[in-house]
Amino acid sequence: MYKPERIPLGIYVHFPWCIAKCPYCDFNSHQLRGALPAEAYVESLCQDLISQAGNVSDREVTSIFMGGGTPSLFGADVLCHLMTTIKQHYQLASHVEITIEANPGTFEVDRFAGYVDVGINRLSIGVQSFCDQMLKKLGRVHCASEAYDAVTQAKRLGFNHINVDIMYALSGQSIDGMLQDLEVACQLSPDHLSWYELTIEPRTAYYKRPPSLPSSELKDDMTDLGLAYLAKQGYERYEISAFSTPGSQCVHNSNTWQFGDYIGVGAGACGKLTMASQIYRTQKQSSPKLYQLNPLAYAKRELVSHDRLAFEVALCGLRLVDGMSWDDVTSRSLPITGMEIRSKLASVLVPDRLQFKPEAFHYYNEHLVALLS
Ligand code: SF4
């Protein structure tokens, strides 16, 4: 049966506002109109954190991830209050990873220096491109030089762990343009890169008015050339879209992909929590206003049914190049889960782990469909 004490635990904190809504974005993010209710919102987050702490009182937190939206709209003073609350109510591991997502358009040296002071030790910067023309098409509020400066300044301030997000297969982008973005990103030598293809998601402005995107042949060429370039620069691909220097994988996201647990606090935040005999998936109210009216309430709190476990575990674990050990699969699901996955995917898995054979990794989506049959 489930062994919660053996499952790493993270905390995900959602900040739902942005300066502007990007046309491709399907996250729970809302354009900020008027003043940011920083103190009131963080107070709601603290109530939410305190109310969920009792579920995990005997477990250690290995990562905290402040995502959005744009958490870097919030000052270090209110985040200090948040961190104090977390430390008072949760046991933090000695090397806990604490990440904040930042938009280069919000970079101010004093504010980011304050983040270091409150213990944030990893910065994830949403650069997306170093080409002004591409940034404009993506509706980003920053320009290329601001993105470059944000990464440079963050390093000077003492952030040793920096992720840079870069998108490719953008409207009007050439192979040279894609490679130039990667070249500039690598020159800045962050220890982590998230490099992912632009996709058109429902409920976005791009979905209503799709831009013209590169052909599938051109996208495939970009993928092959980009992967080769990153490998040559010393970035190891450890997940479909995540690359790092050795030992710098994101602890928080890796835990999510390894079917680990995480508390979700904040508007629209999702969580996954294993109790003695059940796994719950939770979600908070998406509307920031409604969330703040009752931060303790869940919009959804559902049991993961035994029927869905094999699919859910494979959906997460097989995103990782090295997959998961069968031992971890068993302690995070049921003994039968591993057997079910093996019976349906044996021909594309390595013998001793939940891990795709190298030639099968590229066909992640196609192979997972087999688990739904
Ligand atoms: S800044 Fe990020 S979260 Fe905000 S709208 Fe753009 S893509 Fe979405």
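Since the structure is predicted, the reported quantities are computational estimates derived from the model, not experimental observations.

All right, on to helix α15 (residues 364-372) then. Within α15 the residues assigned to the buried category are Y364, H367, L368 and L371. Projected down its long axis, α15 shows its buried positions confined to an angular sector of 100°, all on one face. Opposite its buried face, α15 presents the exposed residues N365, E366, V369 and L372, each directed more than 90 degrees away. The inward-facing, buried residues of α15 abut α11 (306-317), α13 (335-345) and α14 (358-361).

Within the largest apolar cluster, 65 residues are counted, with the highest numbers of intra-cluster contacts made by F74 and L82. In terms of residues, this core owes the most to one element, helix α1 (residues 38-53), which gives seven residues. With 26 residues, the next largest nonpolar core counts L309, F311, W326 and L345 among its residues.

Right, let's get into the pattern of salt bridges. Applying the stated criterion to the full structure yields ten salt bridges. For D327, the salt bridge goes to R6, with nearest N and O atoms at 3.2 Å. Of the two residues, D327 is situated in helix α12 (residues 326-332) and R6 in the segment before β1 (9-15); the sequence distance between them amounts to 321 residues. A salt bridge links D328 to R332; its shortest N-O distance comes to 3.9 Å. Pair noted here: D328 and R332 are both in helix α12, with a separation of four residues, about one helical turn. One network of salt bridges, with partners in common, ties together R59, D261 and K272.

What follows covers the packing of aromatic side chains. Evaluated as defined, the whole model comprises twelve aromatic pairs. Here Y12 and F65 contribute two aromatic rings whose centre-to-centre distance is 6.2 Å and whose plane-to-plane angle is 20°, an arrangement assigned as stacked. With a gap of 53 residues between them, Y12 in strand β1 and F65 in strand β4 (residues 60-68) connect regions that are remote in the sequence. Given a relative accessible area of 6%, F65 falls into the buried group. Taken together, the ring pairs in this structure connect F15, W17, Y41, F74 and Y291 into an aromatic cluster. Positioned above the aromatic ring of Y298 is the side chain of K284, whose terminal nitrogen or guanidinium carbon lies 4.3 Å from the ring centre. Between the NZ or CZ atom of R301 and the centre of the ring of Y298, over which it lies, the distance is 5.9 Å.

Quick look at α1 now. The first and last C-alpha atoms of α1 sit 22 Å apart over 16 residues, in line with the 22 Å expected at 1.5 Å per residue. Considered for burial, the residues of α1 that qualify are A38, Y41, V42, S44, L45, C46, D48, L49, Q52 and A53. Looking at the buried positions of α1, the neighbouring elements they touch are β1, β2 (17-18), α2 (76-89), β11 (261-265) and α10 (288-293).

Moving on to unusual backbone geometry. Cis geometry marks the peptide bond from G68 to G69; its omega dihedral reads 20°. By the secondary structure assignment, G69 is in the loop between β4 and α2. Non-glycine residue Q128 carries a positive phi angle of around 75°. Looking at the secondary structure, you find Q128 in strand β6 (residues 122-128).

What follows is about the site of the ligand. Neighbouring the ligand are C18, A20, K21, C22, Y24, C25, F27, S29, G69, N103 and R140. Of the residues assigned to the shell around the ligand, the class counts are six nonpolar, three polar and two charged.

A few words on the state of the cysteines. The final tally for this structure, using the stated rule, is zero disulfides. C143 takes part in no disulfide bond, and the closest cysteine sulfur to it belongs to C131, at a distance of 12 Å. Residue class for C143 comes out partly exposed when judged on its relative accessible area of 25%. Free of any disulfide, C316 has its nearest cysteine sulfur in C270, 12 Å distant. The exposure class of C316 is buried, given its relative accessible area of 13%.

Annotation of the chain at the domain level lists domain 1 (4-255) and domain 2 (306-373). Of note, the centres of domain 1 and domain 2, computed from C-alpha atoms alone, are 27 Å apart. If you look at the interface, domain 1 gives nine residues, while domain 2 gives eight residues. Each partner contributes to the roughly 890 Å² buried at the junction of domain 1 and domain 2, and carbon and sulfur atoms together form 56% of this total. Summed over the three residues of domain 1 that lose the most area to domain 2, namely R6, E239 and I240, the buried surface amounts to 51% of that side. For the pair domain 1 and domain 2, the number of links is two salt bridges. At the surface where domain 1 touches domain 2, the tally comes to four residue pairs in polar contact (both at pLDDT 80 or more). Looking at the side of domain 1 that touches domain 2, the elements that each hand over two or more residues are β9 (236-239) and α9 (251-257). Broken down by element, the residue count for the side of domain 1 that touches domain 2 peaks at three residues, all from β9.

With that out of the way, let us pick up the pairing of strand β8 (residues 192-197). Relative to β8, strand β7 (residues 161-168) runs parallel, the two sharing six bridges. Along β8, the bridge assignment pairs N163 with H192. A crossover links β7 with its parallel partner β8, the connecting element being helix α6 (residues 175-187), and its sense is right-handed.

Criteria and cut-off values
- Residues numbered from 1 in each chain as written.
- Predicted model: local features only at pLDDT ≥ 70, side-chain atom pairs only at ≥ 80, totals over all residues.
- Heavy atoms only, no water.
- Buried < 20%, exposed > 50% of the residue type's maximum accessible area, 1.4 Å probe, protein only.
- Helix = DSSP H or I, 4+ residues; strand = E, 2+ residues; numbered from the N terminus.
- Arc of directions from axis to C-beta.
- Contact = heavy atoms within 4.5 Å.
- Core = buried A, V, L, I, M, F, W, Y, C linked by side-chain atoms within 4.5 Å.
- Salt bridge = Lys/Arg side-chain N within 4 Å of Asp/Glu carboxyl O.
- Phe/Tyr/Trp six-rings, centres within 6.5 Å; stacked < 30°, edge-to-face > 60°.
- Lys NZ or Arg CZ within 6 Å of the ring centre and 35° of its normal.
- Expected span 1.5 Å × (residues − 1).
- Near = heavy atom within 4 Å.
- Nonpolar A, V, L, I, M, F, W, Y, C, P; charged D, E, K, R; others polar.
- Disulfide = S-S within 2.5 Å.
- Domains from an automatic or database assignment.
- Buried area = accessible area lost by both parts, 1.4 Å probe.
- Polar contact = N/O pair within 3.5 Å; in protein donor to acceptor, adjacent residues only side chain to side chain.
- Pairing = 2+ DSSP bridges.
- Right-handed = clockwise from strand over helix to strand, strands pointing away.

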